[in-house]
Amino acid sequence: MKLADLARGAGAVLEGDGEVEVTGIAYDSRHVVSGDLFVAVQGIHIDGHVYVADAVAGGAVAVAIERYVKVPAGTPVIHLPSTRTGLAELSAEFYGRPSRHLKLAGVTGTDGKTTVTHMAEHVLQASGIVAGAMSTVAFKVSGREVDNVSGQTTTEAPEVQAWLARMVEAGAACAVIETTSHALVQERVHACDFDVAAFTNVGHDHLDYHATWEDYIEAKARLIDLTSRSADKGVEKTAVLNRDDPSYERLARRPISRRWTYGLTTASDLHPLDLAITGSGSRFRMRTPMGDTEVTLNVPARFNIYNALCASGVCLALGVPAEDIGRGLAGFEGVRGRLEPVDLGQDFRVYIDFAHAAGSLASALAELRPFTQGRLIAVFGSTARSDHDRPGMGRAAAEFSDFFIITTDDPLSEDPSEIARDVQAGAEGKAPGRDFEVVIDRRTAIRRAIEIARPGDTVLLAGKGHERSMRTARGSEPWDERAEAEEAIKERL
Ligand SMILES: Nc1ncnc2c1ncn2[C@@H]1O[C@H](COP(=O)(O)OP(=O)(O)OP(=O)(O)O)[C@@H](O)[C@H]1O
Ligand SMILES: [Mg+2]
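Computed from a predicted structure; not experimentally measured. (Residues numbered from 1 in each chain as written. Chains lettered and ligands numbered in written order. Predicted model: local features only at pLDDT ≥ 70, side-chain atom pairs only at ≥ 80, totals over all residues.)

### Let's talk about the overall build of the protein chain
Then step 1. Helix and strand counts for the protein chain come out as 15 helices and 24 strands.
Then step 2. The C-alpha radius of gyration of the protein chain comes to 24 Å, within 12% of the 23 Å expected for a compact globule of 493 residues.
Then step 3. Projected onto its principal axes, the C-alpha positions of the protein chain cover 75 × 55 × 40 Å.
Then step 4. Taking the contacts inside the protein chain whose residues are at least 6 apart along the sequence as the reference set, 67% of them involve residues at least 24 apart. (Helix = DSSP H or I, 4+ residues; strand = E, 2+ residues; numbered from the N terminus. Rg over C-alpha atoms; globule rule 2.2 N^0.38 Å. Contact = placed C-beta atoms within 7 Å.)

### Observations regarding the domain arrangement of the protein chain
The figure often quoted for interface size is the accessible area lost as the parts come together.
Then step 1. Split into domains, the protein chain comes out as domain 1 (3–94), domain 2 (98–330) and domain 3 (340–492).
Then step 2. A straight line from the C-alpha centre of domain 1 to that of domain 2 covers 33 Å.
Then step 3. At the junction of the two partners, domain 1 supplies 9 residues and domain 2 supplies 9 residues.
Then step 4. Here the side of domain 1 that touches domain 2 gets 7 residues from one element, more than from any other, and that element is helix α3 (residues 83–94).
Then step 5. Along the lines of polarity and charge, the residues of the side of domain 1 that touches domain 2 split into 5 nonpolar, 2 polar and 2 charged. (Domains from an automatic or database assignment. Nonpolar A, V, L, I, M, F, W, Y, C, P; charged D, E, K, R; others polar.)

### Overview of the pairing of strand β15 (residues 282–288)
Then step 1. Residues S282, F284, M286 and T288 line the buried face of β15, whereas the alternating positions R283, R285 and R287 sit on a face that is not buried.
Then step 2. The pairing of strand β14 (residues 271–277) with β15 spans 5 bridges and is antiparallel. Within the sheet, the bridge partner assigned to P272 lies in β15 and is M286.
Then step 3. Note that β15 and strand β16 (residues 291–297) share 7 bridges and pair antiparallel. (Buried ≥ 20, exposed ≤ 12 C-beta atoms within 10 Å, placed from the backbone. Pairing = 2+ DSSP bridges.)

### Description of the environment of S363
Then step 1. Position of S363 relative to the elements: it lies in helix α11 (residues 358–368).
Then step 2. According to the C-beta neighbour criterion, S363 is buried, with 22 such atoms within 10 Å.
Then step 3. In this structure the C-alpha to C-alpha distance between S363 and I277, which are 86 residues apart in sequence, comes to 17 Å.

### A look at the sheet that holds β14
Then step 1. The 3 strands lie next to each other as β14-β15-β16, forming an open sheet whose pairing is antiparallel. Across the chains shown, the open sheet's two edge strands, defined by having one partner strand only, are β14 and β16. Taken pair by pair, the neighbouring strands of this sheet meet at an average axis angle of 15°, ignoring direction.
Then step 2. Running over the sheet, helix α10 (residues 322–330) touches β15 and β16 and is turned about 0° from β16. (Axes fitted to C-alpha atoms, helices over the stretch in contact; angles between N-to-C directions.)

### Comments concerning the packing of helix α9 (residues 303–317) against α10
Then step 1. Where α9 meets α10, the axes come as close as 10 Å, and the angle between the chain directions of the two elements is 140°. Regarding the angle of α9 to α10, the classification is oblique. When the axes of α9 and α10 are compared, the crossing they make is right-handed. In this structure, α9 contributes A308, S312, C315 and L316 to the contact, and α10 contributes A322, I325 and L329.
Then step 2. Across the contact of α9 with α10, the residue classes break down as 6 nonpolar, 1 polar and no charged. (Parallel < 35°, antiparallel > 145°, perpendicular 65-115°, else oblique. Left-handed = near helix turned anticlockwise from the far one by under 90°.)

### Points about the sheet that holds strand β13 (residues 258–262)
Then step 1. A sheet is described by the order of its strands in space; here 8 strands give the open sequence β9-β8-β7-β10-β6-β11-β12-β13, paired in mixed fashion. Single-partner strands in this sheet number two, and they are β9 (144–147) and β13. Between one strand axis and the next, the sheet turns through 15° on average, direction left out of account.
Then step 2. Two elements, strand β12 (residues 238–242) and β13, share 5 bridges in a ladder whose sense is parallel. Bridge pairing in β13 links A239 to R259.
Then step 3. The strands touched by helix α4 (residues 113–126) are β6 (103–108), β7 (131–134), β8 (138–141), β10 (174–178) and β11 (196–199); relative to β10, the strand with the most contacts, the crossing angle is about 170°.
Then step 4. The sheet contacts of α9 involve β6, β10, β11, β12 and β13, and relative to β12 the element is tilted by about 170°.

### As for helix α15 (residues 481–492)
Then step 1. Across its 12 residues, α15 extends 17 Å between first and last C-alpha, which sits within 8% of the 16 Å expected from 1.5 Å per residue.
Then step 2. Taken together, the buried positions of α15 are E481, E484, A485, A488 and I489. On an axial view of α15, the arc spanned by its buried residues comes to 130°, and they lie on one face. Summarising the geometry of α15, the exposed residues directed more than 90 degrees from the buried face are A483, K490 and E491.
Then step 3. Contacts made by the buried residues of α15 are with β18 (349–353), α14 (442–452) and β22 (458–462). (Expected span 1.5 Å × (residues − 1). Arc of directions from axis to C-beta.)

### Structural notes on the packing of helix α12 (residues 390–400) against helix α13 (residues 416–425)
Then step 1. One way to put it is that α12 packs onto α13 with a least axis distance of 6 Å and a crossing angle of 55°. Classified by the interaxial angle, the pair formed by α12 and α13 is oblique. Crossing hand, α12 versus α13: right-handed. Contacts between α12 and α13 involve R390, P391, M393 and G394 on the former and, on the latter, I419, D422, V423, Q424 and A425.
Then step 2. Split into classes, the residues belonging to the contact of α12 with α13 amount to 5 nonpolar, 2 polar and 2 charged.

Here you go:
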């Protein structure tokens, strides 16, 4: 693409030769290849402006900057008020504004984003609409799946736009993208023309810090603002909001053309009637603003009823008839690593789950309780991430399980034993040996849990989910939670 066209499309000021052909967009000078436009972005730790000369030496044919910096002579420069929003605009322009060629939904919230994203994508596909999805777990285009190994739920703007373009190319009419608050703050989805903004819940983990929680809601609420001001594609701009969540009052104040609420009471636009919990999930009649439909969910846990209502709101807003939604949901078999059963015919249940914060660990355990005749055994650890409440995880396990094993989960450079001690500090009144054990090696911890499980017990392996690596002081090592669980069960059988 010609640099002058790219700059014009992104509404940017160009200085220098506009005839230059741009063949890619880069924001990391180490990954620049010949023909790229290098966009200097100010990150938390690194300022791209420092690497402008390196990028040009590496083959960049032009640079985009937001503050004065010395640029090698002869290199054309794009001046932007913000290179963050600029990166998004330039990427969207480079890939032909793909989100204007399909109907787009964004899903945000604290828990359930990935599940809602894949549920909605599944329902769309099942109703005959070619759809795409991007999530923590995978990128999907027209039913074909690629693992998301980026380590990011919502990738940077150029990747987001490239995937949307791939979807358009594959003939997708709709796409659903999981959108973290990080991504919203960093403007990674800034140039996405959303039609639907869907919300799960907003962070009970953050309720201790009121100001933080307010900021957190504000960040997520930007998805509504992005949606209400994006290009019109003939879909009424819709916010799908959780009526039962404390975030509702604040989110409902954001202006948008249409607001649909969901919840378990009749005060919501989408809600279940005659709800029955079954062995493998639930059954209910769903009331929606577009009529009723029978729903059978084959995924356990009460929160999945919320996720299903949210995904239904998304699909309804994107134009799927109500009765197709009921049919589509019945075929949804869950997301990899989210309460994923590991069943080799053993007489106790084993689930793998990605829950790695106090709140989600508590809710995963609470959800498995009604399905458990015997003891509920949890295996989990806390990560090195500073926003994870370690004692909170210990408290959650102490309160909601019958026995737990504290182990390792992405300690990075920290000492896993120290992390385990922090977790253990939350398990007040619980005695080591009687109520819990600390087994630092995760492989051994999983084997231990499976070794002590009795008929009717449930073992929850929490934290790793779909992830394929364990990040320690030695670097990133391959990890496969399912393979470990299966190996341990086979040994025992
Ligand atoms: N609606 C919900 N409310 C509360 N907890 C949920 C909900 N949906 C899922 N969970 C729990 O959170 C875990 C993660 O679910 P999911 O991956 O769908 O969420 P996410 O928002 O994408 O998470 P992440 O921020 O880690 O990407 C689930 O395995 C389950 O334990
Ligand atoms: Mg996710």
